[in-house]
Amino acid sequence: MRATILHAPGDVRVEEIDDPKITAPTDAVIRLTATCVCGSDLWPYRGIESVDRPMPMGHEYVGIVEEVGSGVKNIKPGQYVVGSFVASCGTCEICRSGYPSSCVNRVFMAQVGTQAERALVPHADGTLVPLPDTPDADLIPSLLAASDVLGTGWFGAVAAEAGPGKTVAVVGDGAVGLLAVLAAQQLGAERIIAMSRHEPRQNLAREFGATDIVTERGDEGVARIKELTGGLGAHSVIEAVGTQESMQQALRATRPGGHMGFVGVNHDVALSGEELFFSQVHVLGGPAPVRRFLPELLDLIRQRKINPGKVFDLTLPLDQAAEAYRAMDERRAVKALLTF
């Protein structure tokens, strides 16, 4: 099969590799109908995460089940499925508490690689959600978004306790940040402030429900948020970048007693314990428990109540994966969808 392999920073190739094989009774093999490039894929692409060997790429996926292991009970060949970027058993105590992305048996799908024609999905029963029928083609981008960026933005909003009467600020205007805006709107937030300097992303943020746009960053961005909130800061702040600056900006833009949800993949972030102590901000984040939200999100998509697939502003065939990475790295695209 064809698969996307990262050989070194900036060196993405689509190559022929062996088809995946069932290795455990709880596995499934799916044939993908679409995949995509994630902002977190850019960390190794840019060399910020080390690349010491050829790496399969991708962790977002939708497709049709081709084969299941002998222990799989609920997933059947022929079903159209969506799964989380973290494979989880669904039965351990951590999964049952609502945090399948910290499952004691978890497998990050990035280790498998889903920018490929087929993929092996561990813990199929706990990871995959089957649809009742084959979806219309125009729904596939939105279903694919649910696999990670929609579920991650949704978790950011839930962690920040976005809801009625709340002012929500979103730090980051990538796909996760934009879908955090959509999530905050769906959860009933009264006011949603998107922090963005890029007009096309600002326009999409407004379409998803943003009521205000703030272009300032860092301390200036914090000052602007406080100016818009009577000097107090936002009730709910969603951090969707993962850098030192974005984390500090998010924390400082949250009012005392408020909630900060951080879902950007952290790199070299160190928060001051003293600042955290005196901020009196509730902080929750990490790898999003997407599987917890998938049934609700897929239902909203299938009913056409939300259209998260709008974050895909570039569609290319799998063979042009290298261009998809370049476009996202150069911020010519918010998110690139790959077709077969």
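Refer to the structure printed above.
A short tour of the structure in this document, coming up.

Conventions we followed
Residues numbered from 1 in each chain as written. Predicted model: local features only at pLDDT ≥ 70, side-chain atom pairs only at ≥ 80, totals over all residues. Heavy atoms only, no water. Axes fitted to C-alpha atoms, helices over the stretch in contact; angles between N-to-C directions. Helix = DSSP H or I, 4+ residues; strand = E, 2+ residues; numbered from the N terminus. Parallel < 35°, antiparallel > 145°, perpendicular 65-115°, else oblique. Left-handed = near helix turned anticlockwise from the far one by under 90°. Contact = heavy atoms within 4.5 Å. Nonpolar A, V, L, I, M, F, W, Y, C, P; charged D, E, K, R; others polar. Buried < 20%, exposed > 50% of the residue type's maximum accessible area, 1.4 Å probe, protein only. Salt bridge = Lys/Arg side-chain N within 4 Å of Asp/Glu carboxyl O. Pairing = 2+ DSSP bridges.

**A closer look at the packing of helix H5 (residues 149–159) against helix H6 (residues 175–186)**
In the contact formed by H5 and H6, the axes pass within 7 Å of each other and the chain directions differ by 55°. The pairing of H5 with H6 is recorded here as oblique in orientation. At the point where H5 passes H6, the crossing takes the right-handed sense. From H5, Val 149, Leu 150, Thr 152, Gly 153, Trp 154 and Ala 157 reach across to H6, where they touch Ala 175, Val 176, Leu 179, Ala 180, Leu 182, Ala 183, Ala 184 and Gln 186. Broken down by class, the residue content of the contact of H5 with H6 amounts to eleven nonpolar, three polar and no charged.

**Topic: the environment of Gly 177**
Among the secondary structure elements, Gly 177 is positioned in helix H6. Given a relative accessible area of 1%, Gly 177 falls into the buried group. Sequence spacing of Gly 177 and Arg 106 is 71 residues, and the spatial spacing of their C-alpha atoms is 25 Å. Apart from the residues within four sequence positions on either side, Gly 177 is in contact with Val 170, Gly 172 and Ala 240.

**Some details on H5**
Of all the eleven residues making up H5, ten are buried; the element is thus mostly covered by neighbouring parts of the structure. Listed in full, the buried residues belonging to H5 are Val 149, Leu 150, Gly 151, Thr 152, Gly 153, Trp 154, Phe 155, Gly 156, Ala 157 and Ala 159. On the buried face of H5, the contacting elements are helix H4 (140–146), H6, strand E14 (234–239), strand E15 (254–262), strand E16 (282–285) and helix H11 (290–302). Following H5 by one or two positions, Glu 161 has its phi on the positive side, about 55°.

**Some words on the pattern of salt bridges**
Overall, the coordinates contain 20 salt bridges when judged by the stated rule. Measuring nitrogen to oxygen at the nearest pair gives 2.9 Å for the salt bridge that ties Arg 224 to Glu 227. Separated by three residues within a single helix, Arg 224 and Glu 227 lie in helix H8 (residues 218–228), roughly one turn from each other. Taking relative accessible area as the criterion, Arg 224 reaches 26% and is therefore assigned partly exposed.

**Considering the pairing of strand E3 (residues 28–36)**
Successive side chains on a regular strand alternate, one facing one side of the sheet and the next facing the other. Within E3, seven of the nine residues are buried, which leaves it mostly tucked inside the rest of the structure. Strand direction decides the pairing type here: E3 and strand E5 (residues 62–68), joined by six bridges, are antiparallel. Within E5, the position partnered with Ala 34 by the bridge is Val 62. Relative to strand E9 (residues 118–121), E3 is paired through four bridges, and the arrangement is antiparallel. Along E9, the bridge assignment pairs Val 29 with Leu 120.

**A few points about the sheet that holds strand E4 (residues 55–56)**
If you walk across this open sheet you meet the three strands as E2-E1-E4, and the pairing is antiparallel. On the outer flanks of this sheet lie strand E2 (11–16) and E4, each paired with one strand and no other. Packed on one face of the sheet, helix H12 (residues 321–329) meets strand E1 (2–8) and E2 and runs near 155° to E2.

**Details of the sheet that holds E14**
Strand order in the open sheet made by the six strands is E13-E12-E11-E14-E15-E16, with parallel pairing throughout. Each edge of the open sheet is held by one strand with a lone partner, namely strand E13 (212–214) and E16. For this sheet the average axis-to-axis angle between neighbouring strands, irrespective of direction, equals 20°. Here H8 sits on the sheet and contacts strand E11 (167–171), strand E12 (191–195), E13 and E14; the angle it forms with E12, its principal contact strand, is near 165°. Contacts from helix H9 (residues 244–253) reach E11, E12, E14 and E15 within the one sheet, and its direction differs from that of E15 by about 145°.

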